[in-house]
Amino acid sequence: MSLPAAPFGRVLTAMVTPFDAEGGVDLDAAVAVAGYLADHGHDGVVISGTTGESPTTSVAEDGELLRAVSSAVGDRLQVVAGVGTNSTAHSLELTEQATKLGAAGVMVVTPYYSKPSQLGVLAHFDAVAAATDLPVMLYDVPGRTGTRVSWETYARAAERSNVVAVKEAVGDFAQGVRLVRDLGLALYSGDDVANLAWLAHGAAGVISVVGHASGDAHAAMVAAVDAGDLVRAQEIYHSLLPAIDAVMGAPNYGATTAKAALQLLGVLDNRRVRLPLLELDDVELDTLRAGLAAAHLI
């Protein structure tokens with residue numbers, strides 16, 4: 001099988017935002033993380049998303065992060081800016097900033113907590129798409145937002161020429177196939193445990209959290225699917241399961257486990273997060289270390 005066109009590349013990671021000892025955004029560390037990902041199988045990164053702790057960062061911090069990462073690796077990675085919030089005005093401010101700073105695209109999640117109607121979700125997506133000429137990726141993750149994107153909302157949003165992709169963290173394979181087949185959208189797996197399944201169903205690529213530690217393996221898995229070698233792709237996926245369980249299976253997961261993984265790899269010298277997140281304790285770190293070791297990533 002041959003994978004469909006991938007407007008943002010095949011292998012992306014939802015990148016963490018490192019913090020310094022005073023709690024500020026550590027731009028040098030962010031550049032180091034982005035460089036590491038560029039060296040290990042990645043085509044792109046999504047910055048200032050949930051894994052980047054975007055609910056705790058300011059517009060100015062998001063802009064500084066985008067500027068630093070784009071300047072450092074923009075010739076090697078597609079740098080997609082997360083602009084999703086539960087305030088449309090805030091999302092528009094982030095979208096306009098990302099456009100001015102030369103992001104490769106923007107990703108907008110369903111407004112969280114507010115639980116708007118589908119017409120409200122559509123109006124939010126449409127406002128972001130209208131505010132930029134950059135390609136737009138919609139992000140559906142009802143486990144975090146409390147609201148799922150309906151088929152009708154996708155169909156109407158896709159009428160915007162710059163709405164080109166969906167990051168899918170629902171696990172609705174039937175609808176995902178239709179998003180690709182009937183609406184012409186590129187689909188990216190937004191759930192590490194479903195990455196291979198989505199690729200087999202025609203996804204363009206993956207946006208991973210485990211990818212902080214497994215970019216080369218993900219690239220190999222994607223290449224195997226693209227070459228029609230599903231047996232090899234399964235072997236790689238199976239080898240990654242202990243890492244997926246360790247990074248994504250813990251109650252305290254996401255930015256916390258990804259930063260700890262980067263610390264174990266020597267990419268970061270700390271695993272600081274901002275409240276309300278708490279960095280992994282020693283027991284949690286040991287569990288993560290064991291999972292990464294079982295997957296032969298450390």
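Residues numbered from 1 in each chain as written. Predicted model: local features only at pLDDT ≥ 70, side-chain atom pairs only at ≥ 80, totals over all residues. Heavy atoms only, no water.

An unreviewed UniProt entry annotates the protein as 4-hydroxy-tetrahydrodipicolinate synthase originating from Nocardioides scoriae. Under the heading Sequence similarities (unreviewed entry), UniProt records this for the protein: "Belongs to the DapA family." Turning to the protein, the UniProt annotation filed under Subcellular location (unreviewed entry) states: "Cytoplasm". (UniProt positions renumbered as here; feature names shortened; annotations may be inferred.)

Asker: Can you help me understand the overall build of the protein in this one?
Answerer: Within the protein one finds 12 helices and 8 strands. Computed over C-alpha atoms, the radius of gyration of the protein comes to 18 Å, within 12% of the 19 Å expected from 2.2 N^0.38 for 298 residues, which places it in the range of a compact globule. For the C-alpha atoms alone, the extent of the protein along its principal axes is close to 50 × 45 × 35 Å. The contacts of the protein with a sequence gap of at least 6 include a subset with a gap of at least 24, amounting to 72%. Counting only carbon and sulfur atoms, one obtains 53% of the accessible surface of the protein, whose full area is about 11700 Å². (Helix = DSSP H or I, 4+ residues; strand = E, 2+ residues; numbered from the N terminus. Rg over C-alpha atoms; globule rule 2.2 N^0.38 Å. Contact = heavy atoms within 4.5 Å. Areas by Shrake-Rupley, 256 points an atom, 1.4 Å probe, with all protein chains shown as cover.)

Asker: What is the right way to read the UniProt feature "binding site: pyruvate" (unreviewed entry) in the protein from this model?
Answerer: This chain's UniProt record puts "binding site: pyruvate" (unreviewed entry) on T51 and I207. Taken along the chain, the residues just named run across 157 residues; in space they keep tight, none of their C-alpha pairs more than 11.0 Å apart. Put simply, the named residues that line the largest pocket are T51. Here T51 is to be found in the loop between β2 (44–47) and α2 (59–73). Given a relative accessible area of 10%, T51 falls into the buried group. If we skip the residues at most four places from it in the chain, T51 touches A14, M15, V16, T17, V209, H212, G254 and A255. (1 Å grid on protein atoms, 1.4 Å probe; cavity = no way out; pocket = protein on both sides within 12 Å on 5 of 7 lines; lining within 4 Å. Buried < 20%, exposed > 50% of the residue type's maximum accessible area, 1.4 Å probe, protein only.)

Asker: Help me understand helix α11 (residues 255–264) in this model?
Answerer: Counting buried residues along α11, 8 of its 10 residues qualify, which places the element largely inside the surrounding structure. Burial in α11 covers these residues: A255, T256, T257, A258, K259, A260, A261 and L262. On its buried face, α11 sits against α1 (27–39), α9 (211–226), α10 (230–248) and α12 (282–294). G266, located one to two residues past α11, shows a positive phi value of around 85°.

Asker: Help me understand the layout of surface pockets in this model?
Answerer: Rolling a probe over the atoms, with the probe sized like a water molecule, indicates the empty space that remains. Taken as a whole, the largest pocket encloses approximately 500 Å³ of empty space. As for the largest pocket, its lining consists of 27 residues, and the residues nearest its centre are T50, E53, S54, P55 and R144. If you list the elements that add at least two residues to the lining of the largest pocket, you get β4 (105–109) and α5 (142–145). Sort the elements by how many residues they give to the lining of the largest pocket and β4 lands first, with 3 residues. When its residues are assigned to classes, the lining of the largest pocket shows 13 nonpolar, 11 polar and 3 charged. Of the voids in this model, the second largest pocket is the one considered here, and its volume is about 340 Å³. In terms of lining, the second largest pocket is formed by 22 residues, of which the most central are Y139, R144, G190, M248 and Y253. Breaking the lining of the second largest pocket down by element, the ones donating at least two residues are β8 (205–208) and α10. Its residues assigned to classes, the lining of the second largest pocket shows 12 nonpolar, 6 polar and 4 charged. (Points joined across faces, edges and corners; volume = space filled by probe spheres on them. Nonpolar A, V, L, I, M, F, W, Y, C, P; charged D, E, K, R; others polar.)

Asker: What exactly am I supposed to notice about the UniProt feature "site: Part of a proton relay during catalysis" (unreviewed entry) in the protein here?
Answerer: As annotated in UniProt, the feature "site: Part of a proton relay during catalysis" (unreviewed entry) corresponds to T50 and Y113 in the numbering used here. Look at the named residues: they lie 64 residues apart in sequence, but the longest C-alpha span between them is just 13.9 Å, so in the fold they bunch up. Of the residues annotated just before, the largest pocket has T50 among its lining. Locating T50 in the fold gives a position in the loop between β2 and α2. Classification of T50 by relative accessible area gives partly exposed; the value is 36%. In this structure, Y113 sits in the loop between β4 and α4 (118–130). Taking the relative accessible area as the measure of exposure, Y113 reaches 74% and is therefore exposed. Residues within four places of Y113 in sequence aside, it is in contact with N86 and T145.

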